[in-house]
Amino acid sequence: MRVGIPRSLLYYKYLPFWKTFLTEIGLEVETSPLTNKQILSWGVEVAENELCVPVKAFYGHCMALRGRVDAIFVPRVVSVEEREYTCPKFLGLPDMIGAVADNLGLPPLLTPRLNQREKPSEFKWQLINFAREEFGLGRLEAAMALESARRAQRRYHDSLVAGRRPLDLLPASRLNRPRWRPAGKGTRRVGLLGHPYNLYDGYITQNLIARLEEAGVELVVPEMTDQHVLMEAATDVPKQLYWTYEKEIMGAINHWTEQKKVDGVIYVLAFACGPDSLVQVLIEHRAREHKVPLMSLTIDEHSGEAGLVTRIEAFVDMLMRKKPAVSAA
Ligand code: SF4
C-alpha cells in the first residue's frame with residue numbers, strides 16, 4: 001500500500017518520524033512535490049477563505065497526491081506536550097480535508113489521533129493501536145516501528161541543533177540554491193522566527209531564506225536550539241502559553257535576546273493566524289525591551305516578491321549600519 005504525506009504543515013517538523021514509522025509498518029511512502037503555483041491555487045480554490053495560507057496549501061498538497069497513492073496521512077495532532085495544545089487547525093485537519101475528500105476524489109485518509117495532553121506515554125499507545133487496528137500488526141512489531149521512528153526523529157533533531165537546517169536535511173526541499181556569498185567581516189546575524197511550514201516553504205515565502213542568504217546575512221533559526229532550552233526560555237513571559245508551537249517561537253526570541261545571539265529578528269507569520277497574532281504582541285514587546293530590531297512579515301497567498309525583496313534589503317541595510325554586530329556564539 002502506498003501512503004502519501006502532504007509536504008506542508010507538520011511535514012517540516014516530523015517527516016523523519018512519520019516516514020520511518022509508516023515504512024517500518026510495511027507501507028510505501030510518497031511525499032507531494034514542493035509547493036508550486038498549481039498546488040497553491042488548488043488549495044485556495046477549495047479551502048475556506050479565512051484559513052491561513054499553510055492550511056490552504058495543505059489542501060493543494062492532498063490534491064497533488066491524487067492518483068499516486070492509496071491513502072493520505074492526515075494525523076489529528078491534538079497535543080504534543082503535557083497540559084498543552086497545538087493550534088486548533090491541527091485538531092480539525094482530518095475533518096476539514098475529510099469534508100471535501102469525496103468531491104475532490106481523494107483516496108481514503110489515515111487519521112491517527114495523537115494526544116498526549118494528559119500523559120506523555122499516551123502518544124506511544126495511540127500509534128501502536130493505529131498500526132494494529134489499521135494494518136493488523138502485532139504489538140511488538142508496532143512498538144519496534146515506533147522505536148525506529150523515534151531514533152530517526154532524534155537524529156534529525158540532533159543534526160538541526162548541530163547547525164544543519166531543515167532545508168538541507170529534508171529531501172529535495174529547496175526551491176533553488178542561493179548564489180553563494182562568503183560571510184564576510186561584520187556579517188549580521190538574523191534570527192528567522194516562525195513556524196517551520198511558514199519559514200521553509202520556499203514558494204509561500206517567495207524564497208525568503210535564499211534571499212537572506214544572498215543578502216549575506218548569517219541565519220539563526222529556532223531549530224538550532226535544543227527543544228528543552230526553548231521551552232525553558234518560553235517561561236519568561238507574563239502569562240504562560242498553552243500552544244506548544246507558539247511556545248517554541250517565544251522561547252527562541254527569549255533565548256536569542258537573552259544570550260545576544262542575533263543582531264535582528266525577522267518574524268514570519270501567516271495572515272489570519274489566531275495563535276501567532278497573540279504571540280506577535282509578546283514578541284514585539286521582547287524585541288523592544290532588548291533593543292533588537294524586529295521586522296514582521298505577514299504572508300498570504302497574495303504575497304508579492306517585489307515588496308518582500310525591498311523590505312529585506314532595507315532591513316539588512318539598517319542592520320549593517322547599526323553597530324556593533326553581536327559576536328558569533
Ligand atoms: S498556527 Fe497559525 S499558521 Fe499555523 S496552522 Fe494554526 S492558524 Fe495556521
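As the structure is a prediction and not an experimental result, all values here were calculated from the model.

In terms of burial, strand E7 (residues 189-193) is a largely internal element, 5 of the 5 residues being buried. Because side chains alternate across E7, one face comprises the buried residues Arg-189, Gly-191 and Leu-193, and the other comprises Val-190 and Leu-192, equally buried.

So, about the site of the ligand. Taken together, Cys-52, Pro-54, Val-55, Cys-87, Lys-89, His-195, Tyr-197, Glu-246, Ala-270 and Cys-273 make up the full set of residues near the ligand. The class makeup of the residues in the shell around the ligand is 7 nonpolar, 1 polar and 2 charged. Formed jointly, the shell around the ligand draws a minimum of three residues from each of two domains, domain 1 (2-161) and domain 2 (174-321).

Glancing now at the domain arrangement of the chain. Domains assigned within the chain are domain 1 (2-161) and domain 2 (174-321). Between the C-alpha centres of domain 1 and domain 2 the distance comes to 25 Å. Taken together, the 30 residues of domain 1 in the interface contact 27 residues of domain 2. Regarding the contact of domain 1 and domain 2, the summed buried area is about 2500 Å², with carbon and sulfur atoms giving 63% of it.

This next bit is on the packing of aromatic side chains. Summed over all chains, the structure comprises 9 aromatic pairs. Following the ring pairs from residue to residue traces out a cluster consisting of Tyr-14, Trp-18, Phe-73, Phe-130 and Phe-135.

Scoring rules and cut-offs
Residues numbered from 1 in each chain as written. Predicted model: local features only at pLDDT ≥ 70, side-chain atom pairs only at ≥ 80, totals over all residues. Heavy atoms only, no water. Buried < 20%, exposed > 50% of the residue type's maximum accessible area, 1.4 Å probe, protein only. Helix = DSSP H or I, 4+ residues; strand = E, 2+ residues; numbered from the N terminus. Near = heavy atom within 4 Å. Nonpolar A, V, L, I, M, F, W, Y, C, P; charged D, E, K, R; others polar. Domains from an automatic or database assignment. Contact = heavy atoms within 4.5 Å. Buried area = accessible area lost by both parts, 1.4 Å probe. Phe/Tyr/Trp six-rings, centres within 6.5 Å; stacked < 30°, edge-to-face > 60°.

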